[in-house]
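Structural characterization, general
Letter by letter, the chains look like this.
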2 protein chains.
Amino acid sequence: MIADPIPLPPMPGQRLARGTARLLRSMDHAVLTEFTPVRGLRVDLISLGPKGELWVVECKSGRADFRADRKWQGYLDWCDRYFWAVDGDFPVDLLPEETGLIHADAFGAAITRMAPEIRLAGARRVKVQRDFARAAALRLQALSDPQAFIAGVS
Amino acid sequence: MIADPIPLPPMPGQRLARGTARLLRSMDHAVLTEFTPVRGLRVDLISLGPKGELWVVECKSGRADFRADRKWQGYLDWCDRYFWAVDGDFPVDLLPEETGLIHADAFGAAITRMAPEIRLAGARRVKVQRDFARAAALRLQALSDPQAFIAGVS
């Protein structure tokens, strides 16, 4: 008997993100999607490890998706390690060597090249962890009690 | 026309928690329920304010519920301000004066007595914020991708 299928995320980038998030979870990292560390920058995945490590992962579905990203170098300033997540067909020679590489599909992922560690300064780390915590908790409350977000509640 | 009712939380403590969480949300605090700052201690609500303030709120449905709590003084060590949340019938004379007081129902809440501020030391604040962030993000991922939590995913 075949179990009820869980629907795949519809977009290629979302599939890479799901598999990568599962990998990070298996490494005891807590993962948040679509995080905005600073106005104008939004990362696909940010994870917080058990010792406070902050990793950022950008998911790229193909050459055009990578070429269109003119902001990625800005992400380096908001994490200790930076990775790309791509599928098996992606032309990895495009990717800068000093970044990490994750091969992913919707069901899982593996680290092909560990990213170098460039540790955040203390004040920025505290800010990112605080913003991460607040973003995650606000999303949880929005799911559990949508009315809390209606204007006028006090 | 009457809108479809959103079901009330079934337990009195959960109703207090929902209303209190709405109050905290309106004060720009991000709220997490049922948080364990350290093994053996679980708080009903913890919130993280925009400047990193950490507040803890214990919800008490009545005299017996308060009297049964032998751990509350331990919570003081994990927040900058500590509050009780109770309904309008609660005998507030039972509550220690040096703690905050919130009057709540399922729909909202108000601060009746602000808690004194006893600021956490820096290292503990960083630890609580990190644990808060990780707990919230893990719960979000469990909701969005339950299969990420099945043993063996890697």
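Residues numbered from 1 in each chain as written. Chains lettered and ligands numbered in written order. Predicted model: local features only at pLDDT ≥ 70, side-chain atom pairs only at ≥ 80, totals over all residues. Heavy atoms only, no water.

As named in an unreviewed UniProt entry, chain A is MmcB family DNA repair protein, taken from Paracoccus nototheniae.

Residues and elements named next belong to chain A. Of all the 6 residues making up strand S3 (residues 54-59), 6 are buried; the element is thus mostly covered by neighbouring parts of the structure. In S3, alternate side chains face the same way, and those of Leu54, Val56 and Glu58 on one face and Trp55, Val57 and Cys59 on the other are all buried. Both S3 and strand S4 (residues 81-86) contribute to a ladder of 5 bridges, which runs parallel. Bridge pairing links Glu58 to Trp84 in S4. (Buried < 20%, exposed > 50% of the residue type's maximum accessible area, 1.4 Å probe, protein only. Helix = DSSP H or I, 4+ residues; strand = E, 2+ residues; numbered from the N terminus. Pairing = 2+ DSSP bridges.)

Quick look at the interface of chain A and chain B now. As a measure of interface size, the accessible area lost when the parts come together is often cited. With 38 residues of chain A in contact, the opposing surface of chain B contributes 38 residues. When chain A packs against chain B, the two sides together hide about 3200 Å² of surface, and 60% of this comes from carbon and sulfur. Considering only the side of chain A, the residues that lose the most area to chain B are A:Arg22, A:Arg134 and A:Leu140, jointly responsible for 20% of the buried surface there. In this assembly, chain A and chain B are joined by 4 salt bridges. As a salt-bridge pair, B:Arg22 and A:Asp145 come within 2.8 Å of each other at their nearest N and O atoms. The interface formed by chain A and chain B holds 10 residue pairs in polar contact (both at pLDDT 80 or more) in total. For the side of chain A that touches chain B, the secondary structure elements donating two or more residues are helix H1 (12-26), strand S1 (30-38) and helix H4 (122-144) of chain A. (Contact = heavy atoms within 4.5 Å. Buried area = accessible area lost by both parts, 1.4 Å probe. Salt bridge = Lys/Arg side-chain N within 4 Å of Asp/Glu carboxyl O. Polar contact = N/O pair within 3.5 Å; in protein donor to acceptor, adjacent residues only side chain to side chain.)

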